[in-house]
Amino acid sequence: MEKEHVADMIGNAFQAMEHSYAPYSKFHVGAYLKTKQGHYYSGCNVENASFSVTNCAERTAIFKAVSEGEKEFESIAIVGRAEGGKIDFCPPCGVCLQAMMEFCDPEKFQVILAKSEKEYKILLLKDLLPMGFGTENLE
Ligand code: THU
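None of these values were measured; they are calculated from a predicted model.

For the rest of this paragraph, the subject is the environment of Glu 74. Positionally, Glu 74 belongs in strand β3 (residues 73–82). Distance from Glu 74 to Lys 34, taken between C-alpha atoms, is 5.6 Å for residues 40 residues apart in sequence. The residues contacting Glu 74, other than those within four sequence positions of it, are Lys 34, Thr 35, Lys 36, Lys 108, Phe 109 and Gln 110.

And the structure:
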């Protein structure tokens, strides 16, 4: 992926983070998902007074895309920071990795973890979730 494109996706993830609703953890996350068709979906974490109802930024973006009829994804940029804290890489939680596993090719899906538009790393889903359980395991 070209540097400019990665920077653009990270910038949009930071913008998505602005909408984060995280009054309980005060940890704000933004995600920006690219589909194979070349469309984009943003997501933020949405918390709830009943804590387990919380939805992560990554799943917000994935569910938005699926609900619009898109199920094939190319990459996702993720940013997160604690209120008043310093920025660090924000890896997706296990539940979000499993949600990715449902729709993404672990050998190809790129996960961009970023501290800024210039400081980032790109991992494959298979690196974050080796031997993930997927739909073919049910066959
Ligand atoms: N969170 C995400 O949105 N994505 C992740 O992958 C890690 C965790 C959110 C959930 C919760 O609102 C807050 O970060 C603290 O766990």
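Working definition: two side chains of opposite charge can pair if their charged atoms are close together. Inspection of every chain in the model, using the stated rule, returns 4 salt bridges. For Glu 74, the salt bridge identified is with Lys 34, shortest N-O distance 3.2 Å. On the criterion of sequence distance, the pair formed by Glu 74 in strand β3 and Lys 34 in strand β1 (residues 27–35) is long-range, its members being 40 residues apart. Owing to a relative accessible area of 30%, Glu 74 belongs among the partly exposed residues under this scheme. Between Lys 115 and Glu 119 there is a salt bridge, with its nearest N and O atoms 3.6 Å apart. Here the salt bridges do not stand alone but share partners, grouping Asp 88, Lys 115 and Glu 119 into one network.

Our focus in this paragraph is the site of the ligand. Close to the ligand lie Ser 25, Phe 27, Val 29, Asn 45, Glu 47, Thr 54, Cys 56, Ala 57, Glu 58, Pro 91, Pro 92 and Cys 93. Contact distances for the ligand include 2.9 Å between an oxygen atom and a side-chain N or O atom of Asn 45. Measuring from an oxygen atom of the ligand, one finds a backbone N or O atom of Ala 57 at 2.9 Å. Within the complex, the protein chains bury 80% of what would otherwise be the 370 Å² of accessible surface of the ligand. Elements with a minimum of two residues in the shell around the ligand: β1 and α2 (57–67). Tallied by class, residues from the shell around the ligand come to 7 nonpolar, 3 polar and 2 charged.

Each value, and the rule that gives it
Residues numbered from 1 in each chain as written. Predicted model: local features only at pLDDT ≥ 70, side-chain atom pairs only at ≥ 80, totals over all residues. Heavy atoms only, no water. Helix = DSSP H or I, 4+ residues; strand = E, 2+ residues; numbered from the N terminus. Contact = heavy atoms within 4.5 Å. Salt bridge = Lys/Arg side-chain N within 4 Å of Asp/Glu carboxyl O. Buried < 20%, exposed > 50% of the residue type's maximum accessible area, 1.4 Å probe, protein only. Near = heavy atom within 4 Å. Polar contact = N/O pair within 3.5 Å; in protein donor to acceptor, adjacent residues only side chain to side chain. Areas by Shrake-Rupley, 256 points an atom, 1.4 Å probe, with all protein chains shown as cover. Nonpolar A, V, L, I, M, F, W, Y, C, P; charged D, E, K, R; others polar.

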